[in-house]
Amino acid sequence: MTKIENKEQYEWAVARVEQLLPLVDDNTPRTDPNSIELELLSNLVADYSEEHFAIGKPALGDVIRMRMAELGITQTKLAEILGLSASRISDYITGKSEPTLKVARELAIKLDIAPAVVLGI
């Protein structure tokens, strides 16, 4: 098998990986048939999972909402912190508007969000 083509193959491969895990440890030679099979199947499972179950990047609005909840602040308070209007914050959260580079920088610093997340990269 060079690629998992469907969910049935995926489920079989996951079950087989679970059977092989107790048979292989750090001391098992890489030439051991179980070790070889485990590595191959693990890679196939990982490739299928990435293709079919990948979690995309979070939207900026979701990240802002989450950080506001963690910090216990409202949109009004965040607007005050950033020196913006509450409606502008609402635009960022709903995705109606993207922050300027200056505002993105302030969001990253004041909410302690990775700049790459704020910039969508």
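Keep in mind the model is a prediction, meaning the values are calculated, not measured.

Some thoughts on the overall build of the chain
Moving on, step 1. The number of helices and strands found in the chain is seven helices and zero strands.
Moving on, step 2. Secondary structure elements of the chain occur, N-terminal to C-terminal, as α-α-α-α-α-α-α.
Moving on, step 3. With the principal axes as the frame, the chain shows a C-alpha extent of 65 × 30 × 25 Å.
Moving on, step 4. The buried share of the chain, reckoned over its 121 residues, is 30%.
Moving on, step 5. Carbon and sulfur atoms form 54% of the exposed surface of the chain, whose accessible area is close to 8400 Å².

Remarks on unusual backbone geometry
Moving on, step 1. One non-glycine residue, Asp-112, lies in positive phi territory at about 55 degrees.
Moving on, step 2. Structurally, the position occupied by Asp-112 is in the loop between α6 (101–111) and α7 (115–119).

Observations concerning the nonpolar core
Moving on, step 1. In terms of nonpolar packing, the biggest core is built from 18 residues, with Ile-64, Met-68, Leu-78, Ile-89, Leu-107, Leu-111 and Val-118 touching the most fellow members.
Moving on, step 2. Of all elements in the fold, only α3 (60–71), α4 (75–82), α5 (86–94) and α6 reach the threshold of two or more residues within this core.
Moving on, step 3. Contact partners of Leu-78, with chain neighbours within four places excluded, come to Ile-64, Met-68, Ile-73, Ile-89 and Leu-111.
Moving on, step 4. Ranked by size, the runner-up nonpolar core spans 11 residues in total, among them Ile-4, Ala-13, Val-24 and Tyr-48.

Details of the packing of aromatic side chains
Moving on, step 1. Throughout the structure, instances matching the rule amount to three aromatic pairs.
Moving on, step 2. For the pair Tyr-10 and Phe-53, a centre-to-centre distance of 5.4 Å together with 55 degrees between the ring planes defines the contact as tilted. Taken as a pair, Tyr-10 in helix α1 (residues 7–20) and Phe-53 in helix α2 (residues 33–53) lie far apart in primary sequence, 43 residues in all.
Moving on, step 3. Classification of Phe-53 by relative accessible area gives partly exposed; the value is 45%.
Moving on, step 4. An angle of 70 degrees between the planes, with centres 6.0 Å apart, marks the rings of Tyr-48 and Phe-53 as edge-to-face.

Details of the pattern of salt bridges
Moving on, step 1. Evaluated as defined, the whole model comprises nine salt bridges.
Moving on, step 2. Between Glu-39 and Arg-30 there is a salt bridge whose closest N-O contact spans 3.2 Å.
Moving on, step 3. In this structure Glu-39 comes out as partly exposed when scored by relative accessible area, which is 39%.
Moving on, step 4. We note a salt bridge from Arg-67 to Glu-70, for which the minimum N-O separation is 2.5 Å.

Some words on a nonpolar patch on the surface
Moving on, step 1. Judged by side-chain polarity, Leu-101, Leu-119 and Ile-121 come together as a nonpolar surface patch covering roughly 350 Å² of accessible area.
Moving on, step 2. Judged by its relative accessible area of 44%, Leu-119 falls in the partly exposed class.

Quick notes on the packing of α1 against α2
Moving on, step 1. α2 packs onto α1 with a crossing angle of 140 degrees between their chain directions and a minimal axis gap of 9 Å. Considering the angle they form, α1 stands oblique to α2. Between α1 and α2 lies a crossing whose hand is left-handed. Here Lys-7, Tyr-10, Trp-12, Ala-13, Val-14, Arg-16, Val-17 and Leu-20 of α1 come into contact with α2, specifically with Asn-34, Glu-37, Leu-38, Leu-41, Ser-42, Val-45, Tyr-48, Ser-49 and Phe-53.
Moving on, step 2. Taken together, the residues of the contact of α1 with α2 break down into 11 nonpolar, three polar and three charged.

Rules of the game
Residues numbered from 1 in each chain as written. Predicted model: local features only at pLDDT ≥ 70, side-chain atom pairs only at ≥ 80, totals over all residues. Heavy atoms only, no water. Helix = DSSP H or I, 4+ residues; strand = E, 2+ residues; numbered from the N terminus. Buried < 20%, exposed > 50% of the residue type's maximum accessible area, 1.4 Å probe, protein only. Areas by Shrake-Rupley, 256 points an atom, 1.4 Å probe, with all protein chains shown as cover. Core = buried A, V, L, I, M, F, W, Y, C linked by side-chain atoms within 4.5 Å. Contact = heavy atoms within 4.5 Å. Phe/Tyr/Trp six-rings, centres within 6.5 Å; stacked < 30°, edge-to-face > 60°. Salt bridge = Lys/Arg side-chain N within 4 Å of Asp/Glu carboxyl O. Patch = residues over 30% accessible without salt bridge, like charges linked within 9 Å, V, L, I, M, F, W, Y side chains within 5 Å. Axes fitted to C-alpha atoms, helices over the stretch in contact; angles between N-to-C directions. Parallel < 35°, antiparallel > 145°, perpendicular 65-115°, else oblique. Left-handed = near helix turned anticlockwise from the far one by under 90°. Nonpolar A, V, L, I, M, F, W, Y, C, P; charged D, E, K, R; others polar.

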